[in-house]
Amino acid sequence: MLALFKKTLPWRTVLCLSAAAMLWGASQAAAAEAARRVNLPAVQSGSSSAAGVADPAAARKELYEQMSAATGIPWFRFAAIDQYERTIAKKKVPADALASSRITAISIPGPVWSGPLNPDQADTSPDSISFFGGMGYDGSGDGLADSSNDADLLYSMARHLLKYGNSANDFSIGVWEYYHNGRAAQRVAQFAKLYEHFGRLDLSGSAFPLPLGNNYAYRSTWGTGRSWGGARIHEGTDLFAPQGLPVRSTCFGIVETKGWNRYGGWRIGIRDIENRYHYYAHLSGYDKSVTRGDIVTPGQIIGWVGSSGYGSPGTQGKFPPHLHYGIYRDRGITEWAFDPYPLLKQWENQEYRALRKNKRSK
Ligand SMILES: [Zn+2]
């Protein structure tokens, strides 16, 4: 078994693995104890929901960091997988999470956890799980490999990932081997990059896509017909504005697409940490600092209002200049457009309020 391992993995990986194993051995008890402490507040408070944890995000960050210390995997990679699973969860609060003190959203299916041929799909014995080739391990130090325990889940995920090595590229391969889904692998890589860059979990800031003022106009145009390209419904909001007005990122995010699209013209697509894709179309040009894979912040200028689109690359002026803004939500298998109008109103009002507050305090 070990010989096979050495043959199929580069020596660096084997070193990483043994280093991680030693590290794990030394700090396992401490990490397990800390992981149990993380779960304690919800249990002690007698609350029946995960919302009973005073600050679930802080508790999650602490758990990622403990697992990172124990396994050598950077905290932001645990955070990225957890966040990906959170954003594709079918229900916002799973029924079993209501009755538990779970703080992560990672869920590993029974046959994967206990082994596909394991007669006991709810097996919690690390030995028999290992015998049947399941991926479940005990990360909390209680002797059980429990697929509803956060520490066990993160540690099992870590053991899976460490098989591929510890670089960003190895991580991507490990994630691909777990999900067998290119889009999932892309999302997890994007989220990891965002978390690593900002060093925190909260990336919830927002901005209106245009500089506030009196020179733009928009109304709810969700679902109305379009004039070009056949019978497609309008998935977004048109903000009419003068040519050349700056277009700003509405969120913390990562540039996923940039370039010509025959409908959208010069367009840009930005993925945020909630797995929403923000789509800005008909631009007259891009800010030169923005390229694919770049990280952007709310209010950062990404391009300028124009009238590009509805034809071959460079087509302009087939309609009045405006920003077409759309938001799509990735649910794992499908991506849904939803009406951005209420959010646009909310962001605009928030910014006006913040401006007024700033003026008063000066
Ligand atoms: Zn539009």
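Residues numbered from 1 in each chain as written. Predicted model: local features only at pLDDT ≥ 70, side-chain atom pairs only at ≥ 80, totals over all residues.

The protein has the name L-Ala--D-Glu endopeptidase in an unreviewed UniProt entry, where Paenibacillus auburnensis is given as its organism.

Caption draft 1: Structural view of the overall build of the protein. Secondary structure assignment for the protein yields eleven helices and ten strands. Evaluated residue by residue, the protein yields a buried proportion of 40% over its 362 residues. Long-range pairs, those at least 24 residues apart, make up 58% of the contacts in the protein between residues at least 6 apart in sequence. (Helix = DSSP H or I, 4+ residues; strand = E, 2+ residues; numbered from the N terminus. Buried ≥ 20, exposed ≤ 12 C-beta atoms within 10 Å, placed from the backbone. Contact = placed C-beta atoms within 7 Å.)

Caption draft 2: Focus on unusual backbone geometry. Even without glycine at this site, His180 takes up a positive phi of about 50°. According to the C-beta neighbour criterion, His180 is exposed, with 8 such atoms within 10 Å. Despite not being glycine, Tyr310 has its phi angle at roughly 65°, a positive value. Residue position: Tyr310 is located in the loop between strand S8 (301–305) and strand S9 (322–330).

Caption draft 3: Expanded view of the packing of helix H3 (residues 56–71) against helix H8 (residues 150–162). Two numbers describe how H3 lies on H8: the axes approach to 10 Å, and their chain directions differ by 40°. The orientation of H3 relative to H8 falls into the category oblique. Like other packed secondary-structure pairs, H3 and H8 cross with a definite hand, here right-handed. Where H3 approaches H8, its residues Leu63, Met67 and Thr71 are matched on the opposing element by Asp150, Ala151, Leu154, Tyr155, Ala158 and Leu162. Per-class residue counts for the contact of H3 with H8 are seven nonpolar, one polar and one charged. (Axes fitted to C-alpha atoms, helices over the stretch in contact; angles between N-to-C directions. Parallel < 35°, antiparallel > 145°, perpendicular 65-115°, else oblique. Left-handed = near helix turned anticlockwise from the far one by under 90°. Nonpolar A, V, L, I, M, F, W, Y, C, P; charged D, E, K, R; others polar.)

Caption draft 4: Region of the structure containing the environment of Asp339. Along the chain, Asp339 falls in the loop between strand S10 (335–338) and helix H11 (341–361). What makes Asp339 partly exposed here is the crowd of 16 C-beta atoms within 10 Å. A sequence separation of 103 residues divides Asp339 from Gly236, and the C-alpha atoms of the two residues are 6.1 Å apart.

Caption draft 5: Structural view of the nonpolar core. Ala80, Leu154, Val188 and Tyr280 are the most contacted members of the largest nonpolar core, which has 70 residues in total. A domain-level breakdown of this core finds at least three residues from each of domain 1 (2–198) and domain 2 (217–361). Apart from the residues lying within four places of it in its own chain, the contact partners of Leu154 are Leu63, Met67, Phe78, Thr104 and Gly139. (Core = buried A, V, L, I, M, F, W, Y, C linked by C-beta atoms within 7 Å. Domains from an automatic or database assignment.)

Caption draft 6: Just H11, in detail. Across its 21 residues, H11 extends 31 Å between first and last C-alpha, which sits within 8% of the 30 Å expected from 1.5 Å per residue. Little of H11 sits inside the fold, with one of its 21 residues counted as buried. (Expected span 1.5 Å × (residues − 1).)

Caption draft 7: Main features of the confidence of the model for the protein. Averaged over all residues, the pLDDT of the protein is 85; the fraction at 70 or higher stands at 80%. Below pLDDT 50 for its whole length, residues 1–51 participates in 60 contacts with residues either more than four positions away or in separate chains. (pLDDT = per-residue confidence, 0-100.)

Caption draft 8: Spotlight on the pairing of S8. The element S8 is largely enclosed, with a buried count of four among its five residues. Relative to S8, strand S6 (residues 276–286) is paired through three bridges, and the arrangement is antiparallel. Within the sheet, the bridge partner assigned to Leu283 lies in S8 and is Val305. (Pairing = 2+ DSSP bridges.)

Caption draft 9: How the structure looks around the pairing of S6. Burial analysis of S6 places eight of its eleven residues in the buried class, which makes it a mostly covered element. Taken together, the five bridges between strand S5 (residues 265–272) and S6 define a ladder with antiparallel strand orientation. Bridge pairing in S6 links Gly269 to Tyr279. Where S5 folds back on S6, the antiparallel hairpin that results is connected by three residues, among which Asn275 adopts a positive phi of roughly 65°. In terms of strand pairing, S6 meets S9 through six bridges, oriented antiparallel.

Caption draft 10: Here's a closer look at the environment of Asp146. Tracing the backbone shows Asp146 in the loop between helix H7 (126–131) and H8. Asp146 sits in the partly exposed class, given 18 other C-beta atoms within 10 Å. As a C-alpha pair, Asp146 and Pro126 span 20 residues in sequence and 9.0 Å in three-dimensional space. Once you skip the residues sitting within four places of it in the chain, Asp146 turns out to touch Thr124 and Asp152.

Caption draft 11: A look at the packing of H3 against helix H4 (residues 75–88). One can describe the packing of H3 onto H4 by two numbers: an axis separation of 8 Å at closest approach and a directional angle of 130°. One element, H3, and the other, H4, form an angle in the oblique class. Helix-helix and strand crossings are classified by hand; for H3 and H4 the assignment is right-handed. Contacts from Arg60, Tyr64, Glu65, Met67 and Ser68 of H3 reach H4 at Trp75, Phe78, Ala79 and Asp82.

Caption draft 12: Spotlight on H8. End to end, H8 covers 18 Å across 13 residues, agreeing with the expected 18 Å (1.5 Å per residue, within 8%). Among the 13 residues that make up H8, eleven are buried, leaving the element largely enclosed by the rest of the structure.

Caption draft 13: Examining the environment of Pro74 more closely. Mapped onto the elements of the fold, Pro74 is located in the loop between H3 and H4. For Pro74, a count of 18 C-beta atoms within 10 Å translates into the label partly exposed.

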